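Structural overview
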Amino acid sequence: MAIQDIAIVKESVRSSNMIVALCGLLILFDGYDLIVYGAVAPALLREASWALTPGMVGRAASITLFGMLLGALVAGTLADRIGRRKVIIGSLLSFSVMMIGSGFAPSFLAFEGTRFLAGLGLGALFPTVTALIIEFSPPKRKAMAYSITLLGYLIGGILSGILGILLVQTYGWRPLMIIGGAPILLLPLFLRLIPESPEWLASKDRQAEANEIATQFGLPRPTPRPAADRQAGVKSLFSEGRLLPTLNAWGIHFCSLLLTFGMVNWLPTIMNKMGYDLGSALLFSVTLNLGAAIGLLIGARIADRGNVKLVVAGMFALGACAIWLLTQVDEGLQVYGLVALAGTGTIGTQILANVLVGSLYPVEIRGTGLGFSLGIGRIGGMIGPAIGGAVLGAGLAPQWNFYIFAAVGAVGCVLAAATLLYSSKAH
């Protein structure tokens, strides 16, 4: 290969990495907007003019996740029909505007309404960005590339915790919500730089465009598929041996999202109820995300060797054990260590579960498969915050949240291990 050709290839690889990095930036905002609720929940309970109960605060979190459920169900199929790019841009615009609206909400009812609408945009964004990342990642490094990109989610969560520590006690919760609308300032950048997926273009008989984008970004040219071999629509998720894997994927996402949103929305409040001051309680949120980041990178490296199913099962088990041990240990350093491991077993598990589910489907139904799996999983995501509100509202010991979350982690471990029984025909 000539030196000039090598330079072109290197530039193409850098361009491909740029797309993955842009997706990571999108997910950073997604992570911030989702996890920030855990940082503002204690302050919402002290909003004197609204007179909120733990159940009402948990309900607002669940309403957000209900919006995400609807957004994921619609956007996955829509992205398979009109393309990844259009759905991503629309989602970015909608959730940014609604986050700003939440920060200026004059009443709790208006706050819940804007949270629901923000959830629609966030729910549409995640499965679509996930499909785009998988389709732009190097074939043998998809788990690692996706996991590095999803570090943006964790960075967003860490950022929300840090800003919560710095701002909430002095300025209240509103500035944190308004900051979540910052992506709208970057909309022109994304309009210019985000391309369409070459695999999706090829699936729509736009092979010339697909080849051009694949060459530009250093990707293998997608292989055209005969029209008779293509599948589309929800029915395709249950055909050709995909029924059990699809149902199993829904169960995995149900458990992982219940754990993730139950922990991120209530961990600071639970630790505050267990006797830690508000600053320390918010620091646990940062620790949860740091632990997820470290554990995720380790898990992704193993997953890229063909062990993603075992990795997801093992991370569920780790999370279940760490969360249960939080009910048994009360020494500071040990508690922080267990919270970090719980982050690996909750947020980290959720991220790698997306890689597992995304790999189950061919490109023409990948958005639909991810969208429906994440959408059904959002039911678990709604139940998680509701559990926290119900437990605290009933006057039970806050440790009961951890007992419930540990049991869900054990179920998730069993479901992930069960995917080892499925043959490759589901792919």
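Residues numbered from 1 in each chain as written. Predicted model: local features only at pLDDT ≥ 70, side-chain atom pairs only at ≥ 80, totals over all residues. Heavy atoms only, no water.

Concerning the environment of A118
Within the secondary structure layout, A118 lies in helix α4 (residues 108–136). A118 sits in the buried class, given a relative accessible area of 0%. Residues A118 and S102, spaced 16 residues apart in sequence, show a C-alpha to C-alpha distance of 8.7 Å. (Helix = DSSP H or I, 4+ residues; strand = E, 2+ residues; numbered from the N terminus. Buried < 20%, exposed > 50% of the residue type's maximum accessible area, 1.4 Å probe, protein only.)

Comments concerning the domain arrangement of the chain
It is common to give the size of an interface as the accessible area that goes away when the parts come together. When its domains are assigned, the chain resolves into domain 1 (14–193) and domain 2 (234–426). Computed from C-alpha atoms alone, the centre-to-centre distance between domain 1 and domain 2 is 18 Å. Taken together, the contacts link 50 residues of domain 1 with 50 residues of domain 2. Roughly 4000 Å² is buried in total at the junction of domain 1 and domain 2, and carbon and sulfur atoms are behind 74% of that figure. Sorting the residues of domain 1 by area buried against domain 2 places L65, M144 and L154 first, and these three jointly supply 13% of that buried surface. At the boundary of domain 1 and domain 2, one finds zero salt bridges. (Domains from an automatic or database assignment. Contact = heavy atoms within 4.5 Å. Buried area = accessible area lost by both parts, 1.4 Å probe. Salt bridge = Lys/Arg side-chain N within 4 Å of Asp/Glu carboxyl O.)

Observations regarding the nonpolar core
Of all hydrophobic cores here, the largest spans 117 residues; its most connected members are L44, F111, Y153, L154, L176 and F402. Counting only domains with at least three residues in this core, you end up with domain 1 (14–193) and domain 2 (234–426). Apart from residues lying up to four places away in sequence, L44 is in contact with Y37, W50, L52, V57, F111 and W173. Listed in part, the 10 residues of the second largest apolar core include A249, W250, L360 and I365. (Core = buried A, V, L, I, M, F, W, Y, C linked by side-chain atoms within 4.5 Å.)

Remarks on the packing of aromatic side chains
Counted according to the given criterion, the structure contains nine aromatic pairs. The interplanar angle of 55° and the centroid separation of 6.0 Å between the aromatic rings of W50 and F111 together place this pair among those described as tilted. In this pair, W50 sits in the loop between α1 (3–45) and α2 (54–82) while F111 sits in helix α4, placing the two residues 61 residues apart along the sequence. Joined through ring pairs, the aromatic side chains of Y37, W50, F108, F111 and W173 make up one cluster. (Phe/Tyr/Trp six-rings, centres within 6.5 Å; stacked < 30°, edge-to-face > 60°.)

Details of the pattern of salt bridges
Side-chain pairs of opposite charge can arise where the charged atoms are in close proximity. Enumeration over the complete set of coordinates arrives at two salt bridges. Taking the shortest distance from any N to any O, the salt bridge between E112 and R59 comes out at 2.7 Å. Remark: R59 occurs in helix α2 and E112 occurs in helix α4; sequence separation between them is 53 residues. For R59, a relative accessible area of 40% gives the class partly exposed. E209 is the partner of R206 in a salt bridge, and the nearest nitrogen-oxygen pair spans 3.0 Å. Look at E209 and you get partly exposed, because its relative accessible area is 37%.

Re the side chain of E196
Looking at the element boundaries, E196 is found in the loop between α7 (187–193) and α8 (198–203). Comment: no salt bridge for buried E196; closest opposite-charge side chain is R84, at 5.1 Å. A distance of 3.0 Å separates a polar side-chain atom of E196 from the backbone nitrogen of R84. A polar side-chain atom of E196 sits 3.3 Å from the main-chain amide nitrogen of R85. Other than its neighbours up to four places away in sequence, E196 contacts I82, G83, R84, R85, F136, L201 and I213. (Lys, Arg positive; Asp, Glu negative; His and termini not counted. Polar contact = N/O pair within 3.5 Å; in protein donor to acceptor, adjacent residues only side chain to side chain.)

Quick word on unusual backbone geometry
Positive phi is not limited to glycine here, since A51 has a value of about 50°. On the secondary structure map, A51 appears in the loop between α1 and α2. Positive phi outside glycine occurs at D205, with the angle close to 65°. Among the secondary structure elements, D205 is positioned in the loop between α8 and α9 (207–216).

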